[in-house]
Amino acid sequence: MGGSLEIPDRRLAVPDPATYRFAVFCCSFKIDLGSTPDHALALFVDQAMAERYGAWMWPSTFEVVDLLRKKGNVQ
């Protein structure tokens with residue numbers, strides 16, 4: 001492995017993970033459906049879009065986490 005990521009269509013930009021600040025989690029543990037830590041299921045540049053997506057997919061359990069928020073700095 002190594003090298004650059006190959007995108008099948010030249011009109012699609014190669015994603016830069018550093019661009020995606022907001023992570024959406026389904027939080028299955030809130031309804032006793034999981035015992036291991038949830039992984040982020042979607043990443044977004046925009047917080048409002050992340051919240052819309054989470055509310056659409058998991059209306060009663062989702063959480064959006066700002067990946068650039070400093071630890072201990074609660075909003």
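Quick note: structure is the one above.
The present account deals with the structure reproduced in this document. Bear in mind that the values here come from a model prediction, so they are computed numbers and not experimental data. (Residues numbered from 1 in each chain as written. Predicted model: local features only at pLDDT ≥ 70, side-chain atom pairs only at ≥ 80, totals over all residues. Heavy atoms only, no water.)

### Quick look at the pattern of salt bridges
So, point 1. Across all of its chains, the model carries three salt bridges by this definition.
So, point 2. For the salt bridge of Asp 66 with Arg 21, the shortest nitrogen-to-oxygen distance reads 2.7 Å. Of this pair, Asp 66 sits in strand β3 (residues 63-66) while Arg 21 sits in the segment before β1 (22-25), and the two are 45 residues apart along the sequence.
So, point 3. Overall, Asp 66 belongs to the buried group, its relative accessible area being 11%.
So, point 4. We note a salt bridge from Lys 30 to Glu 63, for which the minimum N-O separation is 2.9 Å. Linking Lys 30 in the loop between β1 and β2 (42-44) with Glu 63 in strand β3, this pair joins segments that are 33 residues apart in sequence.
So, point 5. The class of Glu 63 is partly exposed, set by a relative accessible area of 34%. (Salt bridge = Lys/Arg side-chain N within 4 Å of Asp/Glu carboxyl O. Helix = DSSP H or I, 4+ residues; strand = E, 2+ residues; numbered from the N terminus. Buried < 20%, exposed > 50% of the residue type's maximum accessible area, 1.4 Å probe, protein only.)

### Considerations on unusual backbone geometry
So, point 1. We note that Cys 27 has phi near 60 degrees; this positive angle belongs to a residue other than glycine.
So, point 2. Tracing the sequence through the fold places Cys 27 in the loop between β1 and β2.
So, point 3. For Asp 32, which is not a glycine, the phi torsion comes out positive at approximately 55 degrees.

### What to know about the environment of Leu 5
So, point 1. Take Leu 5: it is sitting in the segment before β1.
So, point 2. The class of Leu 5 is exposed, set by a relative accessible area of 55%.
So, point 3. Setting aside residues up to four positions removed in sequence, Leu 5 forms contacts with Val 14 and Pro 15. (Contact = heavy atoms within 4.5 Å.)

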